Amino acid sequence: MMHSASRNPCCIIFLLFLFCACKQADTKREKYPTIIDKIQAKSAHYDGVSISSNPYISEETIAVIEKGHHFLIPARKNRVALRTCAICHSKPLPEMRGEGLKRAHWNIDLHHADSKTMRCTTCHDPGNPAQLRSLTGNPIDFNKSYRLCSQCHAEQFEDWAGGAHGKSAGGWAPPRVSMTCVNCHNPHAPRFGSRWPTWYNTRKAVERK
Amino acid sequence: MRDKKSNWFSLNLKSSTKRKASPCGCGRTAGSCKGSESPEHKDGFKQVFDVKMGRRKAFKKLTASLLSGAGLVDTSCSLTTGQSAKEKAQIGWEELFKGNYKLMTDAEKRATVQRLTRAYELRTGKTIHMSSKNAEKNVLFGYAFNISKCRGYMNCVAACVKENNQDRKSHMQYIRIHEMEDGKGFKFNEADDNYYHEVPAAGHFYMGTQCFHCDNPPCTKVCPVQATWQEEDGLVVIDYDWCIGCRYCMAACPYDGRRFNWNKPEVPEEEVNKNQHYLGNRLRKKGVMEKCTFCIQRSRAGRNPACVDACPTGARVFGNLLDPDSSIRYVLENKKVFRLKEDLGTEPKFWYYVD
């Protein structure tokens, strides 16, 4: 009896200390139970950042608004060589297939859907090669070629406009610059090929043997 | 409070007022730091003995210097040693007794960065750019990884090794790409993270892991010397000069996100990335922890981490979680996302999603 009485104050002090320690640790960890709560609370009054990704934008860009998202895309027009068809196409095709003539776009092999769905003129305007055309025959500028792709790939387009599909061409800081479809996919053969990895950890391979 | 704290661990060898006023940390208030012929500049011997202190304190300091810096003191006192050797010794001395980066004032951070830059210049004759940029206001970094898009090319790993000056000898890599069998879910024990064949392999999918920069990180809590902590912008960082190499954090991390330097890291001089940050890709030493910092030297400047820029399939999305218009927020709000081992309550800021 005597024993426990003399020990009691010590216990109380110890408990008090423990409580204080816990309390301190609690206040140190911010008051948000989950990261989503933290994001919501801290971004409620978001008023921008002082840094910008402008110094990292190396090429000419154009501003677009798609699905309510404002962003920049690299310009395309100045990077494609366009000539009038009639300069070469003065004779019927079978005659032009012969030897001796300068060859153009002979290296383009179409691997995009199947030949029943897609051919050159599905996207290119045979009357005016300086522009593209939609499925309904409306002209599409080379700078906004993504509009052509979005006719079929609507889901990808939606994700791309939001930023879940595709690749950033600047930094994370505003303004946002997104590569367009043709910056990653070859429109004539859009599928990514298989290849060998860029990196191989030879040491790990030895260690694991 | 912070200011008081910041001086806890520093052995203030010169008079404290002078040191405070100095913008660079060489101890001089005027002129450039390069020349060291200044009347108030004390040499190594005087630094140790021309300080007013009690007997107990003097013995303490002497022991410390004998244990760790006898060679340095010797160089500093010698009349025959050249200027650069003396400066090297001086820098070595000050670096040895500097405080924890977390507790430093901005001026102290700049000073240590300046010393490290100068030391590198003296050692190799080349200049590096090292930053001590603090976290930006209104920023919380987050990352998303599209499992449907990753094809296992590993461009990210190669770019990361190059950007972050990782040890070439031990083939250190922060990022791991796991090749997993379709239909089996995430079986990390059965996955291969060091494949070398044409990718993507039939019947397999790929996913990457690295440091997830948890919002409730277990690694920082176990550090006995507080050499690792979470910054305001959510990055979990390490002060390589404060780390004692106990590897508690490595054991505490449930994601295998941390790496240890068992040997002296080796990076060929011509391959050293000279754009550095104190908490990021500056050259490490033997016996310290390191890990992915979301390329702090790039992200704090507004750029994407090297892995994001290197990914050829756009499987990696990086951004500011607090910006409602950012791509990362779009992913979180519109895609089906999940994180690894969510039930642990570590709150990683690294989400996986599928198309």
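Computed from a prediction, not measured in an experiment: that's the story for all the values here. (Residues numbered from 1 in each chain as written. Chains lettered and ligands numbered in written order. Predicted model: local features only at pLDDT ≥ 70, side-chain atom pairs only at ≥ 80, totals over all residues.)

K.L.:
Requested: an account of the domain arrangement of chain B, with residues and values cited.
P.N.:
All names here are of chain B. Considered domain by domain, chain B is made up of domain 1 (2-30 + 40-127) and domain 2 (136-355). In this complex, domain 1 contributes seven residues to the contact, which on the side of domain 2 involves seven residues. Tallied by class, the residues present in the side of domain 1 that touches domain 2 amount to three nonpolar, two polar and two charged. (Domains from an automatic or database assignment. Contact = placed C-beta atoms within 7 Å. Nonpolar A, V, L, I, M, F, W, Y, C, P; charged D, E, K, R; others polar.)

K.L.:
Kindly report on the interface of chain A and chain B, identifying the contributing residues and their values.
P.N.:
Contact with chain A, which involves 40 residues of that partner, is made by 44 residues of chain B. Those elements that provide at least two residues to the side of chain A that touches chain B are helix H2 (35-43) and helix H8 (202-207) of chain A. For the side of chain A that touches chain B, the element with the most residues is H2(A), which contributes five residues. Split into classes, the residues belonging to the side of chain A that touches chain B amount to 16 nonpolar, 16 polar and eight charged. (Helix = DSSP H or I, 4+ residues; strand = E, 2+ residues; numbered from the N terminus.)

K.L.:
Account for helix H12 (residues 327-334) of chain B, naming residues and giving values.
P.N.:
Extensive coverage of H12(B) is indicated by the burial of six of its eight residues. Within H12(B), the full set of buried residues consists of Ser327(B), Ile328(B), Arg329(B), Tyr330(B), Val331(B) and Leu332(B). In the core, the buried residues of H12(B) are packed alongside helix H6 (154-162) of chain A together with strand E2 (141-146), strand E10 (316-320), strand E11 (337-338) and strand E12 (350-353) of chain B. (Buried ≥ 20, exposed ≤ 12 C-beta atoms within 10 Å, placed from the backbone.)

K.L.:
Residues and numbers for unusual backbone geometry, please.
P.N.:
Cis rather than trans, the peptide bond between Pro174(A) and Pro175(A) has omega equal to 0 degrees. Along the chain, the position of Pro175(A) falls in the loop between H6 and helix H7 (181-184). Backbone torsion omega between Val199(B) and Pro200(B) reads -5 degrees, so that peptide bond is classified as cis. Inspection of the secondary structure assignment puts Pro200(B) in the loop between strand E3 (176-181) and strand E4 (204-209). Not every positive phi belongs to a glycine, and Lys67(A) is a case in point at roughly 55 degrees. Relative to the helices and strands, Lys67(A) resides in the loop between strand E1 (61-66) and strand E2 (69-74). Backbone geometry at Met154(B) places phi at a positive 65 degrees, although glycine is not the residue there. Locating Met154(B) in the fold gives a position in the loop between E2 and helix H7 (155-163).

K.L.:
So what's going on with helix H6 (residues 106-124) of chain B? Which residues, and what values?
P.N.:
With 19 residues, H6(B) extends 27 Å between its outermost C-alpha atoms, agreeing within 8% with the 27 Å of an ideal straight helix rising 1.5 Å per residue. One or two steps after H6(B), the chain reaches Gly125(B), where phi turns positive at roughly 80 degrees. (Expected span 1.5 Å × (residues − 1).)

K.L.:
Which residues make up the nonpolar core, and what values go with them?
P.N.:
One broad trend across soluble globular proteins is that nonpolar side chains are buried collectively. Residue and element names in this part refer to chain B. Ranked by size, the top nonpolar core spans 70 residues in total, and within it Ala-144, Cys-156, Val-157, Cys-160, Cys-307 and Val-331 carry the most contacts. In terms of residues, this core owes the most to one element, H7, which gives five residues. In this structure, this core is formed jointly by two domains, domain 1 (2-30 + 40-127) and domain 2 (136-355), each of which donates at least three residues. Not counting the four nearest positions on each side in its chain, Cys-160 is found in contact with Gln-173, Tyr-174, Ile-175, Ala-306 and Cys-307. (Core = buried A, V, L, I, M, F, W, Y, C linked by C-beta atoms within 7 Å.)

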